[in-house]
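So the chains spell out like this:
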Amino acid sequence: IPGHAVSPGRRPPGCSFAPRCTFAIDECRAAPPAPVLVDDRQVRCVRALEVRSAAVAARAAVTGPAADGRPPALSLRAVSASYGHERVVTDVDLEVPPNWCVALVGESGSGKTTLARCVVGLHANWTGEITFSGTPLPAKLRDRPEEALRRIQYVFQNPYTSLNPRKTVGQIVAQPLEQMLGLPYRERTERAARALEDVSLSRDFLSRYPDQLSGGERQRVAIARALVVEPSLLICDEVTSALDVSVQAVIVEELRRLQRERHLAMLFITHNLALVRSVAQHAVVLRDGTVVESGPVEQVLERPADPYTAKLMADVPRLEAAGA
Ligand code: ADP
């Protein structure tokens, strides 16, 4: 719903959202709606069911699988990965259609980072098939075509260790432009400044060093560095877990906007189920290296079929509990 909530003294007689809600009808403006039960939740909306199905349909229309028959941005088939002889990921199938955000969730140690590292070529000890836009990716980074290196970007978990402390923000963000595209200095700097603006940082940041930035600003710089080469697939590995909660929400909102505006495919790795709903359309749940559940976010979060997912859900802090 666009706009801002009205202040308490100026609430309309009916539903407070009515003046800004495109679903509002006369009944909504007449009196505050009575609570109704929708999937175990109490909702004060006379059109709750219609609103919900319209929202799901709209999201699928914007972000659904490419109708033009394009292959998935990322596809994993029977991928197993090991460290030495110890297998930590077994037979994983996973697909990220173009323009979709797929969340990969699971407890710490379930193999999420290992899978991400296989996809980006940082871990080569795997079997199975990984394809990017329909083309199989070799396991080793050095065997991959330059185009694939550029178009798949990885944002790491910890912005305190992922940025070189001896380089300025300008050098950090512009570096991939020099390495991958060989652009001249002036153009690199200009593009770096634009990438910073894309993540809501002014060009004044170009000359700063990482230790002069907050955690949230550092993570924005890391995202700008990933986006500057115009990738089509972004792997975000626990990108908010090193940040405090208020900053997490802002970064997630920023990523969502970028994903929408740039039609990015995104694999969003997290152990935090509360984040999944706000960012992804599809969720894949990993336990001890195997997929235990996969499906649309609403289905996985609201009606988990696997007891492990239900347990993960039960661990998500709830507002009612906090307020009790
Ligand atoms: P997650 O990202 O879900 O926390 P990881 O992919 O980091 O999980 O780890 C999966 C399993 O692989 C864990 O049991 C972990 O101990 C093991 N592991 C991770 N990195 C290494 C490594 N470099 N060498 C050996 N085992 C590792």
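In what follows, the structure referred to is the one given above.
Here is a short report on the structure shown in this document. (Residues numbered from 1 in each chain as written. Predicted model: local features only at pLDDT ≥ 70, side-chain atom pairs only at ≥ 80, totals over all residues. Heavy atoms only, no water.)

### Remarks on the site of the ligand
Piece 1. As a structural note, the neighbourhood of the ligand is formed by Tyr 83, Val 88, Glu 107, Ser 108, Gly 109, Ser 110, Gly 111, Lys 112, Thr 113 and Thr 114.
Piece 2. With respect to the ligand, the backbone of Thr 113 contributes an N or O atom lying 2.8 Å from an oxygen atom.
Piece 3. With the chains in place, 56% of the 560 Å² that the ligand exposes on its own is no longer accessible.
Piece 4. No other element matches the three residues that helix H3 (residues 112-120) contributes to the shell around the ligand.
Piece 5. A class-by-class count of the residues in the shell around the ligand yields two nonpolar, six polar and two charged. (Near = heavy atom within 4 Å. Polar contact = N/O pair within 3.5 Å; in protein donor to acceptor, adjacent residues only side chain to side chain. Areas by Shrake-Rupley, 256 points an atom, 1.4 Å probe, with all protein chains shown as cover. Helix = DSSP H or I, 4+ residues; strand = E, 2+ residues; numbered from the N terminus. Nonpolar A, V, L, I, M, F, W, Y, C, P; charged D, E, K, R; others polar.)

### Topic: the packing of helix H6 (residues 169-181) against helix H7 (residues 185-198)
Two quantities define a packed helix pair, namely the angle between the axes and the distance from one axis to the other.
Piece 1. Where H6 contacts H7, the axes come no closer than 9 Å and their chain directions differ by 120°. In terms of their interaxial angle, H6 and H7 are classed as oblique. The element H6 and its partner H7 pack so that their crossing is right-handed. Between H6 and H7, the contacting residues are Val 169, Gly 170, Val 173, Ala 174, Leu 177, Glu 178 and Leu 181 on the first element and Arg 188, Arg 191, Ala 192, Ala 195 and Leu 196 on the second.
Piece 2. Across the contact of H6 with H7, the residue classes tally to eight nonpolar, one polar and three charged. (Axes fitted to C-alpha atoms, helices over the stretch in contact; angles between N-to-C directions. Parallel < 35°, antiparallel > 145°, perpendicular 65-115°, else oblique. Left-handed = near helix turned anticlockwise from the far one by under 90°. Contact = heavy atoms within 4.5 Å.)

### Considerations on the environment of Ala 24
Piece 1. Here Ala 24 shows up in the segment before helix H1 (26-30).
Piece 2. We classify Ala 24 as buried; its relative accessible area is 14%.
Piece 3. Along the backbone, Ala 24 and Ala 305 are 281 residues apart, and their C-alpha atoms lie at a distance of 35 Å.
Piece 4. Among residues more than four places away in sequence, those in contact with Ala 24 are Ala 18 and Arg 29. (Buried < 20%, exposed > 50% of the residue type's maximum accessible area, 1.4 Å probe, protein only.)

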